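Architecture at a glance
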Amino acid sequence: MDYQQVIGNARGCIGPYCEACPVCNGAACKNTMPGPGAKGTGELAVRNYRKWQDVRINMDTICEQRPVDTSIGIFGKKFASPFFAGPVGAVKLHYGEKYTDQEYNEILLRGCAQNEIAAFTGDGTDYQVMIEATAAIGKLNGQGIPTVKPWDLDTIREKMELVKVSGAFAVAMDIDAAGLPFLQNLNPPAGSKSVEELKEIVKMAEIPFILKGIMTPGGALKAAEAGVQGIVVSNHGGRVLDQCPATAEVLPHIVRAVRNAGSRMKIFADGGIRTGVDVFKALALGADAVLIARPFVTAVYGGAEEGVTAYCRKIQSELKDTMQMCGAFSLDEISGDMIWKYE
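Okay, so let's go over this structure. Note that the structure is predicted; figures quoted are calculated from it, not measured. (Residues numbered from 1 in each chain as written. Predicted model: local features only at pLDDT ≥ 70, side-chain atom pairs only at ≥ 80, totals over all residues. Heavy atoms only, no water.)

1. As for the overall build of the chain
Just so we agree on the cut-off: Helix and strand assignments follow DSSP, with helices taken as H or I runs no shorter than four residues and strands as E runs no shorter than two, numbered in order from the N terminus. For this measure, only C-alpha atoms enter the radius of gyration; the expected value for a globule follows 2.2 Å times N^0.38, where N is the number of residues. Whether two residues touch is decided by their heavy atoms; if any such pair falls within 4.5 Å, the residues are in contact. All accessible-area figures derive from a Shrake-Rupley calculation using a 1.4 Å probe, and residue coverage is judged against the displayed protein chains alone. The charge count includes Lys and Arg as positive and Asp and Glu as negative, but it does not include His or the ends of the chains. To locate a charge, the coordinates of NZ of Lys, CZ of Arg, CG of Asp or CD of Glu are taken.
A tally of helices and strands in the chain yields 11 helices and 12 strands. A compact globule built from 343 residues should have a C-alpha radius of gyration of about 20 Å, and the chain, at 19 Å, falls within 12% of that. Taking contacts inside the chain between residues at least 6 apart in sequence as the whole, the part at least 24 apart equals 72%. For the chain, the exposed area adds up to about 14,000 Å²; of that, 50% sits on carbon and sulfur atoms. Averaging the locations of the 35 positively and 39 negatively charged side chains of the chain gives two centres separated by 2 Å.

What follows is the structure, encoded as structure tokens:
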């Protein structure tokens with residue numbers, strides 16, 4: 001099964017909001033919420049995708065020929081590729097009736113583990129979602145990254161206990177989810193967090209803590225001050241605030257600020273990354289690795305674990321080809337002079 005077959009299979013069961021488009025660029029779903037679309041005008045998901053296309057590749061094949069190695073080490077774990085499946089929650093609401101969150105997470109986690117990468121799992125207003133997600137990670141000896149919403153500290157503490165039991169090697173929080181409409185006015189409450197509160201959450205975690213939803217150099221430096229071990233440059237796929245810049249636009253500025261401050265935080269990026277070429281571009285702009293979310297949904301709906309494998313093979317093949325044609329035979333050899341960005 002190749003990924004085009006996966007897309008075809010998904011079209012019959014992923015509706016009504018997602019179209020399982022040949023290119024997941026945010027255009028068809030636009031401002032459909034519920035659904036995979038973006039908030040307000042819906043343009044931000046489209047912008048995320050398009051701005052990666054503005055970054056071009058500098059080809060250079062005058063180099064010694066060597067095998068291409070896409071492996072990466074993060075938080076003491078080795079992975080076959082520098083891309084991970086991003087967290088997705090409430091799949092019945094957004095993608096149709098085929099799977100529950102538990103079924104989706106279990107398929108995604110198994111498929112990613114089989115391809116030697118990891119998946120982030122989602123959280124939700126239903127407490128059972130985190131219970132099931134962490135249980136599924138536990139079945140895979142901790143090969144997964146649970147993502148906790150920015151609840152009040154007592155609720156976060158409870159969920160961190162579930163994370164610890166799972167044996168997960170890292171945990172994340174999508175702090176920008178404070179802007180999701182369905183998290184407004186909830187009990188328990190969810191919302192933004194101060195640096196001091198984040199310091200407390202980092203201590204609760206006891207394993208590497210990744211903060212997702214960073215869009216400014218200042219935000220990244222506050223995360224570093226809080227002791228966070230990783231950040232994800234992310235605007236939540238355009239789902240929390242309209243009229244933000246694209247992640248490709250802010251990524252180099254955030255990388256520069258973090259590295260100039262002497263921080264060794266891992267920097268992930270997401271938002272409109274759809275191909276192995278896009279992964280290469282993100283790494284050339286300074287990211288350590290990337291997250292991809294919506295295409296993995298299509299992969300699960302269109303082929304379960306086999307669909308996840310098809311997508312992973314596609315991305316890895318495209319990444320290897322791009323690296324080879326630019327003279328980079330390991331991830332450490334990817335550099336900023338291998339891309340050209342239109343100003």
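2. Description of the layout of surface pockets
Note the following rule: Cavities and pockets are defined on a 1 Å grid built over the protein atoms alone: a cavity is a set of grid points where a 1.4 Å probe fits but cannot escape, while a pocket is an open set with protein on both sides within 12 Å along at least five of seven lines, and lining residues are those with an atom within 4 Å of any such point. Grid points are joined across faces, edges and corners, and a volume is the space filled by probe spheres set on the points.
Empty space within the largest pocket amounts to approximately 720 Å³. For the largest pocket, the lining is made up of 42 residues, of which Pro 87, Val 88, Gly 89, His 236 and Arg 239 are closest to its centre. When residues of the lining of the largest pocket are traced back to their parent elements, those giving at least two are helix H2 (43–54), helix H3 (91–95), helix H4 (101–114), helix H5 (127–139) and strand E11 (289–292). Quantified by volume, the second largest pocket comes out at close to 480 Å³. As for the second largest pocket, its lining consists of 22 residues, of which Ile 175, Asp 176, Gly 213, Ile 214 and Met 215 are closest to the centre. Going through the elements one at a time, helix H7 (195–205), strand E8 (209–214) and helix H8 (217–225) are the ones with two or more residues in the lining of the second largest pocket.

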